[in-house]
Amino acid sequence: MSTTERGSHGTRAITAKHQHGRGSLWPVLGRLEPQNGIVYLGFVAIFIFFAVVLHDDGFLTTRNLTNIVLQTAPATIMAIGLVFALSAGEIDLSFGSTTAVAALCAAMAMQTMPALMGIAAGLGVGIAIGAFNGAMVAWLKLPSFLVTLATMGLFAGVARTLTDLRSIAVINDSFTGFFGSGDFLGVPSLVWWTIGAVAVGHIIFRHTRFGAHVLATGDNARAAQVSGIKVPRIRFLVLTICGACAGLAGLLYAGRLQAAKYTLGESDLMIVIAAVIVGGTALNGGKGAIIGALVGSLLMGMLNNGLILMGLGVSDQMIVRGLIILLAVAISLRDINR
Amino acid sequence: MSEIMEQTIEQSRAERSAPLLALSGIRKEFGGIVAIEQLSLDLHSGEIVALVGDNGAGKSTLVKIVSGVHKPTSGTIRLEGRETSFADASAARTHGIEVVYQDLALADQQTVYMNMFLGRELTRGPLKLLDRRRMIDDTEALVKDLDVRIPSVRSTIRDLSGGQRQGVAIARATRWASKLVLLDEPTAALGVAETAKVEELILSLKARNIAILIISHSLDQVFRLSDRICVLRRGQQIGIRETARSDKNEIVSMITGLH
């Protein structure tokens, strides 16, 4: 810490934990995303715990670990979108429903049309829903919590009526290869999607003016406004990004499962929000972390995987997962209200 | 002070230099309510003019008019002799006018250097990525130059004391203002030592030949800092006095209307 502070001018000490995590256990991640060493520690702790306890149940096998990444890919993509929304002081509750509608639209398009049209349909629907949410929030000044609560229900209903509750098979090999079962250079395509989305998300969030404006808007909208930042535009864009991410997540689901159903994304809401909060993004804006969200999402996936391997029943899994999420969120929020 | 004497002072000042900012016949109504009746004021480079008056006198409204937040109902604003009308606050900023707000307008969870460049972040390369290095170096140089004592330009704002925050806000105004800085009660929430530090900063702005319009409730501060004092009462311009030729009693009676 460079100390130019003297005598009477502010005697408040700046503690080491706010000094950008320099010299922390995780220097590289610490530099990428200064604020959340604790997530990485928690991740490693749970990883070691499962590795020891579930040693004989195949937790540590490459196949199982790869599986965790593959299973969390859609949630990770949704989490990236949510980091933008939360950092700007908004929230999106509708991304689960959007994922289902996008996957269904993509699958329906591909029944008669080539893969490219399916991709366009899925992404287009995601962006359109996100833009709709964004427009309501940015220009009609409605709170995003209520807008997306409404559209969550609305599009859950749309997803059900689209195919009358039936699932639609996706039998387009190029699509399922590109978004699901395929691989490139020996690495599964879902891993590439995860890496790509995190990298692009991180660069936009941390290294562009747009990312800085998102944080400023969520931190102090009035300060952002008087500094010339177009706050409504930021609010519109973050929710549109959420929709686009949900659309992409829908494509990944459709590709991996080779089918689309209205239930896709339904159970992701809690997991994604938990992943993002645990990853160091503030629920009330001004602070966010893309790589933290990835780690949070992997943590949730690992938890899911570990609890299944431990042989817990579905209801026990839900209870344990709920408790662990509560604990994790409490730890990561410990210094928000100081 | 007689009317004639006041005029002579105004004239001699006008001969010295053309005003940077000339407000004439400014009137502002909100609906049917008159916030400012009729106000004329010149501001010269390197001059500190204090705006005083009770609550509701129209001081903040005037600052908002000059900074482009409000449009006057009638009257003209001349900047360097040219008649101007700002569409919004960013238009005023492009003309070298900066405001330090009462409630700071800093983003609390962001670093000092990101606040310094809030809305005007520096970028590099074809991808226009943030140039943090240059923003940090620039902020460090400025903070050192102005002797704003903060632990680091990488500190987040909420880890700073009130005085340090105000120091950052004023440093930001200094960084971007080429002509005029408007200060709306810059020391209202500060302790004695911190106030002294902020006043030093304000004087260093003056030394850089920037014009300063300051709202303050502390007459002691007004007399320490200002060259001239403009008194408002319920939207009326009561008068302008040269600080050196006035005293607190006169200003107080102008503010209150009691003799």
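Every value quoted in this text rests on a predicted model; they were computed, and no experiment measured them. (Residues numbered from 1 in each chain as written. Chains lettered and ligands numbered in written order. Predicted model: local features only at pLDDT ≥ 70, side-chain atom pairs only at ≥ 80, totals over all residues.)

A. View of the overall build of chain A. The number of helices and strands found in chain A is 14 helices and four strands. Counting all 338 residues of chain A, 51% fall into the buried class. For chain A, restricting intrachain contacts to residue pairs at least 6 apart in sequence, the fraction spanning at least 24 positions comes to 75%. (Helix = DSSP H or I, 4+ residues; strand = E, 2+ residues; numbered from the N terminus. Buried ≥ 20, exposed ≤ 12 C-beta atoms within 10 Å, placed from the backbone. Contact = placed C-beta atoms within 7 Å.)

B. Structural view of the domain arrangement of chain B. Residue and element names in this part refer to chain B. Domain parsing of chain B yields domain 1 (1–96 + 179–259) and domain 2 (106–176). Between the C-alpha centres of domain 1 and domain 2 the distance comes to 28 Å. With 11 residues of domain 1 at the interface, the matching set in domain 2 holds nine residues. The biggest single contributor to the side of domain 1 that touches domain 2 is helix 7 (residues 192–207), with six residues. Across the side of domain 1 that touches domain 2, the residue classes tally to seven nonpolar, one polar and three charged. (Domains from an automatic or database assignment. Nonpolar A, V, L, I, M, F, W, Y, C, P; charged D, E, K, R; others polar.)

C. Up close: the confidence of the model for chain A. Taken over all residues, the pLDDT of chain A has a mean of 84, while the share at 70 or more is 87%. Contacts of residues 1–27 of chain A to residues separated by more than four positions or lying in other chains number 41 contacts, the stretch itself having pLDDT below 50. (pLDDT = per-residue confidence, 0-100.)

D. Main features of the pairing of strand 3 (residues 48–52) of chain B. Residues and elements named next belong to chain B. Burial runs high along strand 3: five of the five residues are buried. Of the two faces of strand 3, the one carrying Ile48, Ala50 and Val52 and the one carrying Val49 and Leu51 are both buried. Of the strand pairs in this sheet, strand 3 and strand 10 (residues 211–215) are connected by four bridges, and their pairing is parallel. Paired with Ile48 across the bridge in strand 10 is Ile212. As paired strands, strand 3 and strand 11 (residues 228–233) are joined by four bridges and run parallel to one another. Across the sheet, Val49 pairs through a bridge with Arg228, a residue of strand 11. (Pairing = 2+ DSSP bridges.)

E. Focus on the packing of helix 9 (residues 209–219) of chain A against helix 11 (residues 231–257) of chain A. All names here are of chain A. It is at 10 Å that the axes of helix 9 and helix 11 come closest, and there the two elements cross at 105°. Here helix 11 runs roughly perpendicular to helix 9, going by the angle between their axes. Here helix 9 contributes His213, Val214 and Thr217 to the contact with helix 11, which in turn contributes Val231, Ile234, Arg235 and Val238. (Axes fitted to C-alpha atoms, helices over the stretch in contact; angles between N-to-C directions. Parallel < 35°, antiparallel > 145°, perpendicular 65-115°, else oblique.)

F. How the structure looks around unusual backbone geometry. With a phi angle near 55°, Leu185(A) is a residue other than glycine that sits in the positive phi range. The residue Leu185(A) is located in the loop between strand 2 (183–184) and strand 3 (187–188) in this model. The backbone of Asp147(B) sits at a positive phi, close to 60°, despite the residue not being glycine. You can see Asp147(B) is positioned in the loop between helix 5 (132–146) and helix 6 (162–176).

G. Local environment of helix 7 (residues 173–181) of chain A. Residue and element names in this part refer to chain A. Along helix 7, the residues classified as buried are Phe175, Thr176, Phe179 and Gly180. Axial view of helix 7: buried residues confined to an arc of 95°, hence all on one face. Turning to helix 7, the residues buried within the fold contact helix 4 (95–112), helix 5 (115–138), helix 8 (189–207) and helix 11. (Arc of directions from axis to C-beta.)

H. Expanded view of the environment of Leu79(B). Residues and elements named next belong to chain B. Residue position: Leu79 is located in strand 4 (residues 74–79). Leu79 gets classed as buried once you count the C-beta atoms within 10 Å, which come to 20. Expressed as a C-alpha distance, the spacing of Leu79 and Arg158, which sit 79 residues apart in the sequence, is 36 Å.

I. Looking closely at helix 9 of chain A. Of all 11 residues in helix 9 of chain A, 10 are buried; the element is thus mostly enclosed. Residues of helix 9 of chain A that are buried in the fold lie against helix 3 (62–87), helix 8, helix 10 (221–226) and helix 11 of chain A together with helix 4 (112–116) and strand 8 (129–130) of chain B.

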